[in-house]
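Structural features, examined
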Amino acid sequence: MIVPASADRAGRPLRVGLDVGGTKIDAVAVDPAGTILARLRRPTGWGEDAVVDSIVSTVAALAEESGLPLSAVGSAGIGIPGLVDAETGRVLHAVNLGVESLDLAARAEQALGVPFRVENDVKAAALGAAVLSDVAGSMAYLNLGTGVAAGIVIDGRIWRGARGTAGEVGHLSVDPRGRLCGCGQRGCVETFCGGGALAKAWGRPGALPVKDIVEAADAGDPHALALQADLFFGAAAAVRVLVLSADVETVVIGGGLTALGGRLADGIRAALHAGAQASPFLKSLRLDERIELLPAGSPAAAFGAALVGASISEKEIVPHG
């Protein structure tokens, strides 16, 4: 059943969050206390109409999965790649979804009669990671996936900066003689620790290239050892920049590369420790003690989107504890 746009939203207990990726939507239903009641994954459509349709059908399916009617959904938030105007809910240049310009919040709300808010996927994940990791104060979220991106949360608020790019470290060049990046620079952080860049540099077929690199490094493959060192170097550089520029207390690491588990965390910590040996200043910051790893498969992005959807415009404060 589709709820008419004029329906009274008072008393609806479900907050829905959707992390919309290039191939799948990860969605959660959250109660007012912040408990995840249901979670599901569904394919993402290609093109503007298909993206809207897949979001609408996912919200309906999630309500059913929760054992509640669609009319129980009080708000919905969407985390999505691309350029996002969080105030209008418009998405631009989400190329992996076939979206050039889409008034996503307005179209989804018209279809379901539920208020929608839209946020950049990494910023939504940062908000979710702050709550799921029980981090108060200041925190940066570093997403290590196909690409590298980051978001900053301070006292429960997404910190955007002057033009919405606060914390975006993936295209900061740390080696001007390094590999060419898709942005046109050389030696960007992403060329060292982005899954796509590592897979390209590895150049061998495989479903999980970064995992293959780590396993080959264990077997002593010189090329794999060099790429594994790049991974840890790049991620450590991102952590260092986030702490030095924003003085965040904690850097929470998420994204697909967290599937490496302790191997990733230990490697980044070792790189941070080694990089600080010649600098009493860096030693004093104890960077290797300020990182945390989200569990692989964490619902942080979808959970953060649910928080975004439930928030009031310009008031992205979320509870801790």
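Residues numbered from 1 in each chain as written. Predicted model: local features only at pLDDT ≥ 70, side-chain atom pairs only at ≥ 80, totals over all residues. Heavy atoms only, no water.

The chain is annotated in an unreviewed UniProt entry as ROK family protein of Microbacterium paraoxydans. Per UniProt, the comment on the chain under Sequence similarities (unreviewed entry) is "Belongs to the ROK (NagC/XylR) family." (UniProt positions renumbered as here; feature names shortened; annotations may be inferred.)

1. What to know about the environment of G113
Here G113 shows up in the loop between α2 (104-112) and β8 (116-120). In this structure G113 comes out as buried when scored by relative accessible area, which is 2%. Between the C-alpha atoms of G113 and G74, which are 39 residues apart in sequence, the distance is 9.4 Å. (Helix = DSSP H or I, 4+ residues; strand = E, 2+ residues; numbered from the N terminus. Buried < 20%, exposed > 50% of the residue type's maximum accessible area, 1.4 Å probe, protein only.)

2. Remarks on unusual backbone geometry
Of note in this structure, D247 is not a glycine but carries a positive phi near 55°. Along the polypeptide, D247 turns up in the loop between α7 (222-246) and β12 (250-254). Although it is not a glycine, R286 sits at a positive phi angle of roughly 50°. Structurally, R286 is set in the loop between α9 (280-285) and β13 (291-293). We classify R286 as partly exposed; its relative accessible area is 49%.

3. What about the pattern of salt bridges?
Note on pairing: side chains with opposite charge can pair once their charged atoms come close. Enumeration according to the criterion identifies 10 salt bridges in this entry. The closest approach of N and O atoms between R179 and D230, which form a salt bridge, is 3.2 Å. Taken together, the residues span a long stretch of sequence, with R179 in the loop between β11 (157-159) and α4 (189-193) and D230 in helix α7 at a distance of 51 residues. Look at R179 and you get partly exposed, because its relative accessible area is 32%. Look at D230 and you get buried, because its relative accessible area is 16%. For R286, the salt bridge is made with E289, and the minimal N-O distance between the two is 3.3 Å. (Salt bridge = Lys/Arg side-chain N within 4 Å of Asp/Glu carboxyl O.)

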